[in-house]
Amino acid sequence: MNTDFESIFFDQTIEKTLFYSPKIEIKPVHLANGLFRAICGVYTEARDQHMTIYPKGYPNSNVNEQIRGVLHSILSADGALFARAQMSSYTLSHITHITSDNHDRRTGEWLFTILNHDYGNGPSPALELLRVLLNQDNRQRSDEISTLTLPLTKTGFELKDFKPQIPDRHPGSLEVDEAGAFRDPLLYSIRKGFDCIAKHDGGKGNFGEKLDTLRRLVTWGCFSIYLHLTNSGSLDRKKRVPMLLCMVESPSPTLQQASTQSYQWVGRSIDRFLRIAIRDTLNRIAEEGIYGSWETDAEIRQHIQTMIWKAFGGGMRQAEARLAKYTPQCLLFYDSYLSDTANQSPRSAFVNAAADMIDQIVSSSPTAVARGLGTRIGLLSPGLYTRKRYTAVPDLLEVLIRATIPPQELWTIGKLANHWANHYGLLFGALGEENTRLAEWGINAIDGSSLYDNTEALTTILEMSGYARRYADGVVLVSVRE
Amino acid sequence: MKALPLFEDLAEFYNGHNAVAERVEESKLQYMHISTSLDTAIEAWVMQGLDVILTGNPGDGKTHLINILQSKGSLASAYLEKDASQQDTQTILKIWQQRKQENIPFVLAINHAPLRNLAAEVRGYPHLEYLANIPDEIDNCIYYNEAPKSKLQRTIIVDLSQREIVTTSVVKGIVDKLCKQVLSTPCTDCPPRKCPVEYNAKAISSDEILHNVVTILTLVARRGFHTTMRDLIGLVAYILTGDRLCATRWQPVKNEDGNFSNPTFEDYVYYNLLFKGRSHLFDAIRTTFDPANYSDSDNDAKLWAGVISDGWLIPKPVVIIPSSLEELKILKRRYFFEHQHDTAKLLQRMLPTTEYNFGAMIEGKLDDPSEVENLVGMINNLYAPLHPRQRADQSYRLRLWNSHRYSVGNPPGYFAMRSMPADNLTIYRPKAVPQITHSMEVRQDHILLAVQEWLPGDPSLRIDWPMYQALTSANYGTPIEVQPFHILRRLDLFLRGLSPEAGGSRHIENIEWSNHQYRTLVSIRVNRTNQSYEQERHA
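This write-up is about the structure you can find in this document.

Rules used throughout
Residues numbered from 1 in each chain as written. Chains lettered and ligands numbered in written order. Predicted model: local features only at pLDDT ≥ 70, side-chain atom pairs only at ≥ 80, totals over all residues. Heavy atoms only, no water. Helix = DSSP H or I, 4+ residues; strand = E, 2+ residues; numbered from the N terminus. Buried < 20%, exposed > 50% of the residue type's maximum accessible area, 1.4 Å probe, protein only. Contact = heavy atoms within 4.5 Å. Areas by Shrake-Rupley, 256 points an atom, 1.4 Å probe, with all protein chains shown as cover. Lys, Arg positive; Asp, Glu negative; His and termini not counted. Charge placed at Lys NZ, Arg CZ, Asp CG, Glu CD. Buried area = accessible area lost by both parts, 1.4 Å probe. Salt bridge = Lys/Arg side-chain N within 4 Å of Asp/Glu carboxyl O. Polar contact = N/O pair within 3.5 Å; in protein donor to acceptor, adjacent residues only side chain to side chain. Nonpolar A, V, L, I, M, F, W, Y, C, P; charged D, E, K, R; others polar. Phe/Tyr/Trp six-rings, centres within 6.5 Å; stacked < 30°, edge-to-face > 60°. Disulfide = S-S within 2.5 Å. Pairing = 2+ DSSP bridges. Core = buried A, V, L, I, M, F, W, Y, C linked by side-chain atoms within 4.5 Å. Axes fitted to C-alpha atoms, helices over the stretch in contact; angles between N-to-C directions. Expected span 1.5 Å × (residues − 1).

Turning next to the overall build of chain B. Of the regular secondary structure elements, chain B holds 21 helices and 18 strands. When the backbone C-alpha atoms are referred to their principal axes, chain B occupies close to 95 × 75 × 40 Å. Counting every position in chain B, which comprises 539 residues, the buried fraction comes to 54%. The contacts in chain B between residues at least 6 apart in sequence include a share of 68% that link residues at least 24 apart. Summed over all atoms, the accessible surface of chain B reaches about 23300 Å², with 50% contributed by carbon and sulfur. Across chain B, the centroid of the 57 positively charged side chains sits 2 Å from that of the 63 negatively charged ones.

Contacts between chain A and chain B engage 59 residues on the former and 48 residues on the latter. Taking both sides of the interface into account, the surface hidden between chain A and chain B amounts to around 4500 Å²; carbon and sulfur atoms contribute 60%. Seen at the junction of chain A and chain B, the total is three salt bridges. Its salt-bridge partner being A:E398, residue B:R489 comes within 2.5 Å of it at the nearest N-O pair. Linking chain A with chain B are 21 residue pairs in polar contact (both at pLDDT 80 or more). Sorting the residues of the side of chain A that touches chain B by element identifies α2 (28–40), α4 (65–75), α7 (144–148), α9 (208–230), α14 (366–376), α15 (394–404) and α18 (448–464) of chain A as the ones contributing at least two each. With seven residues, α9(A) is the largest single contributor of residues to the side of chain A that touches chain B. Of the residues assigned to the side of chain A that touches chain B, the class counts are 30 nonpolar, 15 polar and 14 charged.

Let's shift gears to the packing of aromatic side chains. Residue and element names in this part refer to chain B. Per the counting criterion, the structure on display carries 34 aromatic pairs over all chains. Both rings, one in W250 and one in Y268, keep their centres 5.9 Å apart while their planes meet at 90°; by these two values the pair is edge-to-face. Taken together, the residues W250 in the loop between α12 (246–249) and β6 (253–254) and Y268 in the loop between β7 (260–261) and α13 (270–273) connect sequence positions 18 residues apart. On the numbers, 5.1 Å between centres and 80° between planes, the contact of F336 with F337 is edge-to-face. Judged by its relative accessible area of 0%, F337 falls in the buried class.

Right, let's get into the environment of A:Y54. Residues and elements named next belong to chain A. Checked against the element boundaries, Y54 lands in the loop between α3 (47–53) and α4. Given the relative accessible area of 11%, Y54 is considered buried. Remark: the alpha-carbon pair of Y54 and I358, spanning 304 residues in sequence, is separated by 35 Å. Leaving out residues up to four positions away in the same chain, Y54 has contacts with R68, H72, L81, F82 and A83.

Turning to unusual backbone geometry, a few remarks are in order. With an omega of 0°, the peptide bond running from B:K316 to B:P317 counts as cis. Locating B:P317 in the fold gives a position in the loop between α15 (300–305) and α16 (325–338). Even without glycine at this site, A:N343 takes up a positive phi of about 55°. Note on placement: A:N343 falls in the loop between α12 (320–338) and α13 (346–361). If you check the backbone angles, B:N103 has positive phi at about 60° while not being a glycine. Position of B:N103 among the secondary structure elements: in the loop between α5 (89–101) and β3 (106–111). Looking at B:N103, the relative accessible area reads 69%, which means it is exposed.

For the rest of this paragraph, the subject is the state of the cysteines. Residues and elements named next belong to chain A. Applying the stated rule across the entire model yields zero disulfides over all chains. Free cysteine: C40, not disulfide-bonded; nearest cysteine sulfur from C222 at 17 Å. Judged by its relative accessible area of 18%, C40 falls in the buried class.

With that settled, consider the sheet that holds strand β7 (residues 476–478) of chain A. Residues and elements named next belong to chain A. Strand order in the open sheet formed by three strands is β4-β7-β6, with antiparallel pairing between adjacent strands. Edge positions in the sheet fall to β4 (411–412) and β6 (468–470), since each of these pairs with one other strand and no more. In this structure, β6 lies alongside β7, joined through three bridges in antiparallel fashion. Paired with A468 across the bridge in β7 is V478.

This brings us to the nonpolar core. Counting residues in each nonpolar core, the largest one holds 159 residues, and the members touching the most others are A:F36 and A:W420. Tallying contributions element by element places helix α10 (residues 253–288) of chain A first for this core, with 13 residues. The contact partners of A:W420, leaving out residues within four places of it in the chain, are A:L245, A:L397, A:L400, A:I401, A:T404, A:G425, A:L426, A:F428 and A:L458. Of all hydrophobic cores here, the second largest spans 94 residues; its members include B:A41, B:V46, B:M378 and B:L488.

Paired through backbone hydrogen bonds, the strands of a sheet run either parallel or antiparallel to each other. All names here are of chain B. Strand order across the open sheet formed by three strands is β11-β13-β14, with antiparallel pairing between neighbours. The open sheet has two free edges, formed respectively by β11 (425–428) and β14 (460–463), since each of these has just one partner strand. On average, each strand axis in the sheet is inclined to that of its neighbour by 25°, with strand direction left out of account. Pairing of strand β13 (residues 447–451) with β14 involves four bridges; the strand directions are antiparallel. Among the inter-strand pairings, A450 is bridged to a residue of β14, identified as S460. Each of β11, β13 and β14 touches helix α19 (residues 368–383); the most contacted strand, β11, lies at about 110° to it.

Further remarks concern helix α11 (residues 229–241) of chain B. Residues and elements named next belong to chain B. The end-to-end C-alpha distance of α11 is 18 Å, a good match for the 18 Å that 13 residues give at a rise of 1.5 Å each. Every buried residue belonging to α11 is among M229, L232, I233, G234, L235, V236, A237, Y238, I239, L240 and T241, and all of these are buried. Just downstream of α11 lies G242, where phi reads positive at about 65°.

Here's what the structure looks like:
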């Protein structure tokens, strides 16, 4: 029996571990569509709506061209509106905008599971908040977008039930212990962020505030996925991969370099995760014996020679010429791991060769997916991926603050730095022990004045955004003041 | 040389050592003290048995003030805590509790942050629990509409960071103190009648010239710069001495290019020194207004031609025809400070319109309802830039603009479904709460655009210099994409906050869509009941 490489060593492996599948680019709007769909449990078949907002594909319409132009501009603001509704994710604000588009790669469902988890206080208040905001009736629609599309769902519209794909026995990333608590403490950091944002934004929904709330929760969702991927290969669940924020406009070389180095740990962490996951998969299938034996060099070479690299079921079919290159390439990788220098067993050599092949087989590697998501929420600087660094834009900083500091609380900048470092791995300079933390990851030290300037820059942004107040003696207090 | 003990002190005042009250000998402190109405107010409060908290930022003069009043003996009946910022909070609270029981007034000088800590730790001190209201009280030191009721029992808080010290009387007080001894002892180091310190002292002792100095400092304050007493004394010290003793004044100095040159009299004249010093205040002056850099349509050509020979307040040295642009710039400065003219009118000619209008708005010289319409028009125009002839009702209704996208980046446009008549908004100016209103002037560097009958917590937009500048620049065509994020954030907060005031959902909604890149505005009417589009209109 020939082995289907992508299906077995990526799709099935991911399904059992992460559950969400970072193999094509995920935009924040995809995640919004997927998350809202999982929360509301429905998606729409809104033929008239889609035809109206996509004038390029459907030139004939009863609706005025000018209105169609405006609708197209608004609903395609995130660049995910295409000819087919099931391939589109609108810049949405209402249940009637949710589509069956699966570009979120199940991140929405994964986040929903975290939000729905009851660890004593019931599900997250974010669930109810989002349900209320997304289900506003025709009279109550409070935002401009859902009001503008109201006439488009009068006909040709049907709500369809969404069938969750998450198995009863949770995948590794959502594993719970005997008491029903998540094993991975990172999930609680994610969950608390959602809860905190919902507490700040609860009771809102009037006009502009509704859209703000939707954006904040989605941005936090994207940050959560990024954070989870970043720590996916971490061996110590209590330790976070560092993310050094570079907040000054012209950072010093040491700061810039350290931030880039901390970003490079995302790739390493994901790589480590993949190698472990593929090893487990290989051990499992070897044990089950469905695909024959995977013990000797000859057996593994035979598997590689007969491997079906990509399934042809999907719409994105790869060129024959490209497919033909995979076998010799995998053999090259395999041989290198078997060589005297690496000196690995045939099975270990195959695991590593398979992990090296993943980046070429899938449309976007998991690292590229994380990078794209991080850049789109403003966590990573734009530009060449080799020069990326962490730099939170003011909108993201706002979300981080609202996800961290509970209502009515006043935190010092030091307390904030401590919380961010311990829960998310975010560093910016206020801790005073950044270099020690970074050294554990082999990241170069930063000069003290750069860290001081960096903290000042972040404080200034918070101050200008109304979240921080600077007092005499350098004391900075941060709070969410409505 | 000006063989005065004070001369060295002047330099020390400029570079800071003498400006920190804790480090200065009492005699110098006494000498430099500028008495204001706050002094008498504190004395009166202590006499009445009230507790007094002086708070603010370092350099605001808290400790200095207590030291002065203590040496006068006017605070003898009170317990004084002169630098509570250095003390343990619990110790202060214990002493305060004790003094409270003994009915001894407690006078406290403390920075903002430790004062907040003190308020946070007050639980457990039964007679002082009301101090937990301190943070609110600090926030309410300034009010806009209705004066808030104090929640502190028999306690007065004075937030010196809100005090405006750039007033003619305070600056004159400093000038008089610093110039007195300079003018009383002739200089023996400089050539006769060529000592720049003497020249500067004589000049800035003149009321007319001092008024022009204060005018520039007021422009700086209006832009939001908080000048401390320390800054101000340092500034006067520097523009008098140029941070040099006369004994070394005329020695060659190293230029920026590394060469040495002999200093000239002009190098040490106050009207040049004012734009040369090193401190945040000097930086602010340079970026705010230097007469050398702004044109005066009435006089620049005359100065260039050397035809203005009359009206100079200090005729010597004789005004010469400038031979270079640099000399013209120096002459323009001299003209601004030393020529008899109506400074207000001169400023009107020289200042950019934005700066002048901002000043007029702050001072309340304009009609407030018209100014509200002007601001509303500018806010609308920032989100929906239209050609002037298309701006039909931009000034009469404030649209509550919004945008939406999940990824970072510029939105394709802005929309608004709600609006509010400009008549529902008004302008408020900052005022000191009644208990301290007679003791200090508060900084006038902003106004508040807010709903009628505004109360703290209601939505408001602080129109300060950066906001006014952004709105004006948008009106002149600066696109929203390049506006600073904090400006947009503040506007967002204001517009969101107004949503509940703009009414609920309507049977027919009118949604405006602004494509700011193409400067178009589209109105779409949606009938909620029929789920249909009504007649559209294109502006």
